[in-house]
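Overview (structure and organization)
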2 protein chains.
Amino acid sequence: MNSILRHINVIHSISSESEKALAEICKEVKFLKGKDVQAIGHTCKTIYFVKSGVVRIYYFKNATDITESFEFENAFVARAESLFTGKPSKKAIQAIEDTILIAIDSDRLFKLFDSHPDLERLFRKIIENSYVNTVSRIESLQFNTAEERYLNLLKDHSNVLKRVPLKLIASYLGITPVSLSRIRGTK
Amino acid sequence: MNSILRHINVIHSISSESEKALAEICKEVKFLKGKDVQAIGHTCKTIYFVKSGVVRIYYFKNATDITESFEFENAFVARAESLFTGKPSKKAIQAIEDTILIAIDSDRLFKLFDSHPDLERLFRKIIENSYVNTVSRIESLQFNTAEERYLNLLKDHSNVLKRVPLKLIASYLGITPVSLSRIRGTK
DNA sequence: TTAAACACTTTACATATGATAAGAAATTAC
DNA sequence: GTAATTTCTTATCATATGTAAAGTGTTTAA
């Protein structure tokens, strides 16, 4: 629990009572490299925090595997389109390395919000941050070339390049592995 | 205020006391077609609700005007990257038709959250919804062709096509006006 | 009402990215 | 440690979209 509490308190500090309540609905879970944390078709009732390792959210379009996002140590992961709508997700979460996650039960978390406004505020801010990141991702996909997107990733998140297979990065950037290889070749 | 209260109560119903508190920090403002509601470089301290009309968020990349999003009647608009970070925005909000907005002072709203948890919950849910929409927009930009994106817009938001100039829609779809015209021609 | 400005389309050509296939390199599994 | 997979690169060709320029149609404003 220490890693998550340390991360949380930078975003919004919560009372020790709230820390305790949060700890009670958390559970540590481990996944081997390549394993699905949650499968396609499953309704998301869990918010994960990455303690160690890397995960990705992915889905299939025309039988092609597409990576929607990566999350590394000290980040939250959830399939928002399912968690916030209650519908089954068309996406899966997969461990890219051997990974340790802290699983937070979302139903119990949302109930805690009634009695612990500081937790609701914390998660509001977490969502705000995710939202801001997502909007800037749209900007990048809307009018940057594939090469610009690759170079920005290299500049801002070079750890991704070091720890994630290129074929996963390609679809994250919205291009094919062949195209990514070509872009890398001309540098 | 009626339109905003009606809209809000579908998302999360709030006490009449909270309605009153919210009304106090709202102000109705009007903008003529083409006018900027908020300019580039301005730090966003306002959340708008569109009472009537249409607005867009736009910015410039290499001197090209790019529309990030449209918002019609009964929707909230804000430049999240500025509102949630406190930094000056690189984007502007513009009225596409003559538009009436309800302006909510964000500093005062965030203060209200301390005494009105139902308001915080309401706005948490509004952000969750925006987040879900934004994630699905990424999906669309990541691996749909320009034609698929156009046809999806036609299917899901045909009102956009009816009320917004095509050149604005083109950049929203991530393509040039010429390319959009070509796609429309082949149907 | 007319000129000016703006929005949209069409054409021709350039270019980035996609698709396919084959080979090289790296990783995994026995 | 070697074979079998998987990942990455390279090459070729096809195609979607970009760029530029010109023409038509529609608003806007004097």
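Quick look at the structure, then. Note that this is a predicted model, so its numbers are computed, not measured.

Attention shifts here to the protein's contact with DNA strand C. Close to DNA strand C lie 16 residues, the nearest being A:K33, A:A146, A:R182, B:L166 and B:K167. Backbone atoms, meaning sugar and phosphate, make up 64% of the atoms of DNA strand C lying within 4 Å of the protein. The element that contributes the greatest number of residues to the surface near DNA strand C is helix α9 (residues 177-185) of chain B, accounting for 4 residues.

All names here are of chain A. Positive phi, normally seen in glycine, also occurs at N74, with a value near 65°. With respect to the helices and strands, the residue N74 is situated in the loop between β5 (64-71) and β6 (76-77). A residue is classified by how much of its surface remains accessible, and N74, at 38% relative accessible area, is partly exposed.

Before going further, it helps to spend a moment on the sheet that holds strand β1 (residues 26-31) of chain A. Residues and elements named next belong to chain A. Reading across the sheet, the 4 strands line up as β1-β8-β3-β6 and stay open at both edges, with antiparallel pairing between neighbours. The sheet is open, and its two borders are formed by β1 and β6, each paired with just one other strand. Here 6 bridges tie β1 to strand β8 (residues 99-105), and the two strands are oriented antiparallel to one another. Note on β8: the bridge partner recorded for K27 is A103. Across the face of the sheet, helix α1 (residues 2-11) comes into contact with β3 (46-52), β6 and β8 while running at roughly 105° to β3.

Residues and elements named next belong to chain B. For the coordinates displayed, the defined rule picks out 26 salt bridges over all chains. Between D107 and K45 there is a salt bridge; the shortest N-O distance is 3.6 Å. Here the residue D107 occupies a position in helix α4 (residues 106-115), and K45 occupies one in the loop between β2 (36-38) and β3 (46-52), the gap between them amounting to 62 residues. For D107, a relative accessible area of 37% puts it in the partly exposed group. Of the charged contacts in the structure, one is a salt bridge between E97 and R163, with a shortest N-O distance of 2.8 Å. Of this pair, E97 sits in the loop between β7 (92-95) and β8 (99-105) while R163 sits in helix α7 (residues 158-163), placing them 66 residues apart in sequence. On the accessibility criterion, E97 (22% relative accessible area) is partly exposed.

Our next topic: the relation of the copies chain A and chain B. Rotating chain A by 180° about the axis while translating it 0.0 Å along that axis superimposes it on chain B, leaving an RMSD of 0.0 Å. The transformation just described matches what one would write down for a two-fold rotation axis. Interface overlap between copies is the fraction of interface residues in one copy that are interface residues in the other; for chain A against chain B it reaches 100%, indicating a shared surface.

Attention now goes to the nonpolar core. One finds A:I104 and B:I104 to be the most contacted residues of the largest nonpolar core, which totals 56 residues. Every residue in contact with B:I104, bar those within four places of it in the chain, is listed here: B:I4, B:L22, B:I25, B:C26, B:K45, B:T46, B:I47, B:F76, B:L109 and B:F123.

Another point: the environment of A:F49. Residues and elements named next belong to chain A. Locating F49 in the fold gives a position in strand β3. Residue class for F49 comes out buried when judged on its relative accessible area of 0%. Along the backbone, F49 and D105 are 56 residues apart, and their C-alpha atoms lie at a distance of 11 Å. Contacts of F49, omitting those with residues within four sequence positions, involve S3, I4, H7, N74, A75, F76, I100, L101 and I102.

On the basis of which strands lie adjacent, the open sheet formed by 4 strands has the order β2-β7-β4-β5 (chain B) and antiparallel pairing. With one partner strand each, in any of the chains shown, β2 and β5 (64-71) of chain B form the two edges of the open sheet. Across this sheet, the average inter-strand angle for adjacent strands is 35°, counted without regard to direction. Looking at chain direction, strand β4 (residues 55-61) of chain B and β5(B) are connected through 7 bridges and run antiparallel. Bridge pairing in β5(B) places B:V55 opposite B:E71. The sheet contacts of helix α5 (residues 117-143) of chain A involve β4 and β5 of chain B, and relative to β5(B) the element is tilted by about 135°.

Time to look at the pairing of strand β4 (residues 55-61) of chain A. All names here are of chain A. Taken across its 7 residues, β4 has 6 buried, putting it largely inside the fold. Counted along the chain from β4 to the antiparallel partner β5, the turn is 2 residues long, and its residue N62 has a positive phi close to 50°. Judged from the 4 bridges that link them, β4 and strand β7 (residues 92-95) form a sheet pairing that is antiparallel. Paired with I57 across the bridge in β7 is I93.

Definitions and limits used
- Residues numbered from 1 in each chain as written.
- Chains lettered and ligands numbered in written order.
- Predicted model: local features only at pLDDT ≥ 70, side-chain atom pairs only at ≥ 80, totals over all residues.
- Heavy atoms only, no water.
- Near = heavy atom within 4 Å.
- Helix = DSSP H or I, 4+ residues; strand = E, 2+ residues; numbered from the N terminus.
- Buried < 20%, exposed > 50% of the residue type's maximum accessible area, 1.4 Å probe, protein only.
- Pairing = 2+ DSSP bridges.
- Contact = heavy atoms within 4.5 Å.
- Axes fitted to C-alpha atoms, helices over the stretch in contact; angles between N-to-C directions.
- Salt bridge = Lys/Arg side-chain N within 4 Å of Asp/Glu carboxyl O.
- Least-squares fit on C-alpha atoms with pLDDT ≥ 70 in both.
- Core = buried A, V, L, I, M, F, W, Y, C linked by side-chain atoms within 4.5 Å.

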